[in-house]
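# Close look at the chain arrangement
The residues making up each chain are set out below.
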There are 2 protein chains.
Amino acid sequence: MSKGILFVLSGPSGVGKGTVCSALRGKLPDLVYSVSATTRSPRQGEVNGVNYFFKTRDEFLDMMQNDQLLEYAEYVGNYYGTPRDFVEKTLESGNDIILEIEVQGALQVKQKFPEGVFIFLLPPSLDELKDRIIGRGTENQATIDHRMTVAVDEINLMQHYDYAVVNDQIDCACKRIESIIIAEHCKIKK
Amino acid sequence: MSKGILFVLSGPSGVGKGTVCSALRGKLPDLVYSVSATTRSPRQGEVNGVNYFFKTRDEFLDMMQNDQLLEYAEYVGNYYGTPRDFVEKTLESGNDIILEIEVQGALQVKQKFPEGVFIFLLPPSLDELKDRIIGRGTENQATIDHRMTVAVDEINLMQHYDYAVVNDQIDCACKRIESIIIAEHCKIKK
């Protein structure tokens, strides 16, 4: 049996990574979704090992120090990261795994796991991205401007990725990602 | 408008290149099929520029000498080749083009056009390939043995290709090739 492939789906905030990933989940039941580790407390209904691997701060710091995380970040006082172990066990079992992640995290994963396949999800245009961020209705003008600046910086990091997929329509974006998954399995290893 | 991509579909004789190519033609009407040049006489109903570009022997030798062919071969006294011009004009117009060709010819194309995408069509197994060759009912044992030896030699050349597609079922093989085409268009140029 051949090993699975790690696919990393990334792109600027607001581009629709989560929506595309949920749609893919429906279409590709064999594709495993990476489960993150976090130090934040479980919310009601969240199950350890399904929604997150819940860790104490000490356990998380231990994982960081022992290179057991493919990437990690701190967000409003809690740590979040991708356990290397879960990814590697999934690949060893012959299954593909997909990781939906911010651009900075994806570049950390690329350092530690260069054999992964890195897919950058692009908005159809910057105007469209701005509309989507405004559309959430939760951001003031300064925040919107800041997020747009970050998005442009992130899009400039696209050349570190293997593929660019435009998220014009969810179905089209999913079809492109499915195609990338099939094609990568046909690739002849050099 | 971005340039098209040259896809080269190759593989051992008997693997089903022609059948897969015809099926693809039905599914992907925008994909252009390369038209070969030949010195053989047109058969009834064959149209110049559609079935073949019909050339005199002198014209063909001229094309060879002026590097106007991506590959060529002699077969029972006639020359057959792939005009570079037709391929390049199609790509410039933004269309993809597919070339269905024997293994030796594909390797010639790779020398002259390394930016092409080279797909090797594989039988599900060598036994299955033998069955397909025998199934044609036109070959004696010595011919069958010879063709199997050539097929094994050709399969050993697979590492010069970019992708391997197993032709287990025509629909599945077509889906893999379609996926490769879509994925190649998403690739980030390095």
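Conventions used here
- Numbers given to residues run from 1 along each chain, matching the order in which its sequence is written.
- Written order decides the labels, with chains lettered from A and ligands numbered from 1.
- Given that the model is predicted, a residue must reach a pLDDT of at least 70 before its local features are reported, and side-chain atom pairs must reach 80 or more before they are shown or counted; all residues, however, enter totals for whole chains, interfaces and linings.
- Note: side-chain values were computed over all heavy atoms of the structure, leaving out hydrogens and water.
- Joining through side-chain atoms within 4.5 Å is the link that ties buried Ala, Val, Leu, Ile, Met, Phe, Trp, Tyr and Cys residues into a set, and such a set is a nonpolar core.
- Exposure categories follow from relative accessible area, calculated using a 1.4 Å probe and restricted to protein chains: below 20% of the type maximum is buried, above 50% is exposed, and the middle band is partly exposed.
- Note on contacts: a residue pair is in contact if any heavy atoms of the two residues lie within 4.5 Å.
- Superposing copies: least-squares fit, C-alpha atoms only, residues required to have pLDDT of at least 70 in both.
- Every helix listed is a DSSP run of H or I at least four residues long, and every strand listed is a run of E at least two residues long, numbered separately from the N terminus.

Next up on the list: the nonpolar core. Most often, soluble globular proteins keep nonpolar side chains buried together rather than apart. In this structure, Ile119 and Ile180 of chain A together with Ile119 and Ile180 of chain B are the most contacted members of the largest nonpolar core, which totals 56 residues. Aside from chain neighbours lying at most four places away, what touches Ile180 of chain B is Ala183 and Cys186 of chain A together with Phe7, Val117, Ile119, Tyr163 and Val165 of chain B. Core analysis: the second largest hydrophobic core is formed by 20 residues, Val87, Ile97, Val103 and Tyr161 of chain A among them.

What follows covers the relation of the copies chain B and chain A. Mapping one chain copy onto the other needs a rotation about an axis and a shift along that axis. Mapping chain B onto chain A leaves a residual RMSD of 0.0 Å; the transformation is a rotation of 180 degrees accompanied by 0.0 Å of translation along its axis. Taken together, the rotation and translation describe the operation of a two-fold axis. When C-alpha positions in chain B are compared against the rotation axis, the closest is assigned to Ser179 of chain B, at 2.1 Å. Taken together, the interface assignments show that 100% of the residues at the interface of chain B recur at the interface of chain A, consistent with an identical surface on both copies.

Topologically, Lys175 of chain A is positioned in helix α7 (residues 170–186). Relative accessible area serves as the criterion here: at 43%, Lys175 of chain A is assigned to the partly exposed category. Along the backbone, Lys175 of chain A and Arg43 of chain A are 132 residues apart, and their C-alpha atoms lie at a distance of 33 Å. Leaving out residues up to four positions away in the same chain, Lys175 of chain A has contacts with Glu178 and Ile182 of chain B.

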